Amino acid sequence: MADCLSQLTLSQSPMASLTGAATSSRIFPSASRARISALSSSSLSPLSLSSSSSYSFSPLRCLRSSPLVPHVFLNQFGSSMSTVAAASDPAQLKSAKEDIKELLKSTFCHPILVRLGWHDAGTYNKNIQEWPKRGGANGSLRFEAELKHGANAGLPNGLKLIQPIKDKYPGVTYADLFQLASATAIEEAGGPKIPMKYGRVDVSSPEECPEEGRLPSAGPPKPADHLREVFYRMGLDDKDIVALSGAHTLGRSRPDRSGWGKPETKYTKNGPGAPGGQSWTAEWLKFDNSYFKDIKAKTDEELLVLPTDAVLFEDPSFKVYAEKYAADQEAFFKDYAESHAKLSNAGAKFEPPEGVMLDDVAGEKFVAANYSTGKD
């Protein structure tokens with residue numbers, strides 16, 4: 001993968017646009033156009049469940065696939081994209097996971113892949129029975145109609161990263177691929193193995209995307225009430241809220257998108273990836289319980305603490321779990337793995353109904369990249 005890394009250009013800029021829509025039929029054959037995901041550039045609203053840096057890249061030689069279409073062609077082709085509307089092929093899922101691991105090694109895109117999976121799943125409403133109106137992990141996030149929601153700003157870059165793998169494995173649904181990428185990123189960053197199942201069915205058109213406003217905000221007037229409103233709607237509880245918040249141990253927030261965080265800190269000025277932003281933890285590509293330790297300590301002004309982070313140690317019910325996780329990483333890992341799986345499964349439609357399990361084993365724990373933490 002070393003030769004692949006040399007081709008990456010990691011930056012905050014959106015995907016370069018090609019001019020002249022009339023040239024699309026010559027550049028992109030019909031077979032390629034049918035696989036194109038809707039990508040857009042948009043502005044970030046206050047929270048991303050796992051806010052991360054922006055990644056843009058040149059196509060990887062190691063992932064041979066059709067080219068990605070710039071957003072200038074979205075309106076023309078986004079609504080006609082074909083999908084796989086059946087259970088994903090287990091063999092292709094396993095191969096896709098290996099390619100995701102290689103992608104993570106070369107781009108350090110763990111945070112944005114976690115966020116991609118979370119935001120596709122986090123639209124679930126347990127009070128709506130009908131699929132796909134109820135939301136959940138159904139691949140709807142690939143459409144421009146949903147990508148342009150304020151809370152999803154920056155996620156077109158995550159979709160660009162994962163699209164070559166989708167092209168390579170057409171027998172894997174987008175819904176499964178997003179969740180596979182998210183769980184694999186957690187595991188490869190040193191986190192717990194998530195008890196995942198697959199076989200999620202994709203929605204087929206942007207008309208099936210959920211309305212905007214189902215994802216959480218970072219700075220609501222009443223953070224505890226807001227978190228409960230959003231996560232209870234998904235059928236999750238206080239333990240799930242606190243455990244899932246622990247994924248902020250990965251990634252950074254950029255003020256030019258979310259309005260939160262510093263433009264740069266000693267922990268982010270040298271990357272990896274596009275430099276800048278403010279992280280919740282010093283080693284923001286390592287999954288551990290430092291998020292809870294750092295919020296509790298509040299001794300490092302270089303680290304980010306959002307209102308929805310601080311409330312975990314202020315609300316009496318949340319505090320029970322936050323204190324537990326700060327003291328016991330094993331307990332955090334156990335609860336996080338369960339909550340992540342619940343989030344990934346809730347609302348999804350599986351074929352077969354019981355889902356598909358992969359009989360792989362957890363790989364070696366991730367060793368944080370060798371980058372400056374500002375402590376030297």
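Because the structure is predicted, anything quoted here is derived from the model rather than measured.

Before going further, it helps to spend a moment on the overall build of the chain. Of regular secondary structure, the chain possesses 16 helices and two strands. When the accessible surface of the chain is totalled, it reaches about 14400 Å², and 52% of it is carbon and sulfur.

Moving on: the confidence of the model for the chain. Per-residue pLDDT for the chain averages 79, and the proportion of residues at 70 or more is 72%. Under a pLDDT of 50 for its full length, residues 1–86 has, in the predicted model, 219 contacts with residues more than four places off or in other chains. Across residues 361–376, confidence stays below pLDDT 50; counting only partners more than four residues off in sequence or on other chains, it has 30 contacts.

Now for helix α8 (residues 155–168). Between its first and last C-alpha atoms α8 spans 21 Å; for 14 residues at 1.5 Å apiece the expected length is 20 Å, and the two agree. Approximately 40° is the largest bend angle found in α8, and it occurs at I162, with the proline P164 only one to four residues beyond. Buried residues dominate α8, accounting for 13 of its 14 residues.

One finds I100, L113, I162, F287, F292, L312 and Y336 to be the most contacted residues of the largest nonpolar core, which totals 70 residues. With eight residues, the single largest contributor to this core is helix α9 (residues 174–188). When neighbours within four sequence positions are excluded, I100 is seen to be in contact with L113, I162, I165, L177, L180, A181 and T184. Ranked by size, the runner-up nonpolar core spans six residues in total, among them Y267, A282, W284 and L285.

A few words now on the packing of aromatic side chains. One pass over the structure, following the stated rule, counts 11 aromatic pairs. On the basis of an interplanar angle of 20° and a centroid distance of 6.5 Å, the ring pair of W118 and Y336 is categorised as stacked. Taken as a pair, W118 in helix α6 (residues 110–121) and Y336 in helix α16 (residues 329–345) lie far apart in primary sequence, 218 residues in all. Like W118, the residue Y336 is buried in the burial classification. Joined through ring pairs, the aromatic side chains of W118, F287, Y291, F292, Y325, F332, F333 and Y336 make up one cluster. In this structure, K197 is placed above the aromatic ring of F350, and the distance from its NZ or CZ to the ring centre is 4.4 Å.

Our focus in this paragraph is the side chain of R142. By secondary structure assignment, the location of R142 is in the loop between α6 and α7 (144–147). Notably, R142 is buried but unbridged: the nearest opposite-charge side chain belongs to D202, and the N-O separation is 4.4 Å. Side-chain polar atoms of R142 contact the backbone oxygen of G139, separated by 2.7 Å. Reaching out from R142, the side chain makes a polar contact with the backbone oxygen of V203 at a distance of 2.7 Å.

A word on the pattern of salt bridges. Summed over all chains, the structure comprises 14 salt bridges. In this structure, K168 engages D99 in a salt bridge whose closest nitrogen and oxygen atoms are separated by 2.9 Å. Separated by 69 residues along the polypeptide, K168 in helix α8 and D99 in helix α5 (residues 90–107) bring together distant segments of the chain. Looking at K168, the relative accessible area reads 36%, which means it is partly exposed. Assessed through its relative accessible area of 11%, D99 is described here as buried. Here D240 makes a salt bridge to K342, at a shortest N to O gap of 2.7 Å. Here D240, found in helix α11 (residues 238–245), pairs with K342, found in helix α16; they are 102 residues apart in sequence, far enough to count as distant. Overall, the relative accessible area of 1% leaves D240 in the buried class. Under the relative-accessibility criterion, K342 is labelled partly exposed at 36%. Taken together, the shared-partner salt bridges in this structure form one network comprising R228, D238 and D315.

Reading the values: the criteria
Residues numbered from 1 in each chain as written. Predicted model: local features only at pLDDT ≥ 70, side-chain atom pairs only at ≥ 80, totals over all residues. Heavy atoms only, no water. Helix = DSSP H or I, 4+ residues; strand = E, 2+ residues; numbered from the N terminus. Areas by Shrake-Rupley, 256 points an atom, 1.4 Å probe, with all protein chains shown as cover. pLDDT = per-residue confidence, 0-100. Contact = heavy atoms within 4.5 Å. Expected span 1.5 Å × (residues − 1). Bend = angle between axes of the 7 residues up to and from the residue. Buried < 20%, exposed > 50% of the residue type's maximum accessible area, 1.4 Å probe, protein only. Core = buried A, V, L, I, M, F, W, Y, C linked by side-chain atoms within 4.5 Å. Phe/Tyr/Trp six-rings, centres within 6.5 Å; stacked < 30°, edge-to-face > 60°. Lys NZ or Arg CZ within 6 Å of the ring centre and 35° of its normal. Lys, Arg positive; Asp, Glu negative; His and termini not counted. Salt bridge = Lys/Arg side-chain N within 4 Å of Asp/Glu carboxyl O. Polar contact = N/O pair within 3.5 Å; in protein donor to acceptor, adjacent residues only side chain to side chain.

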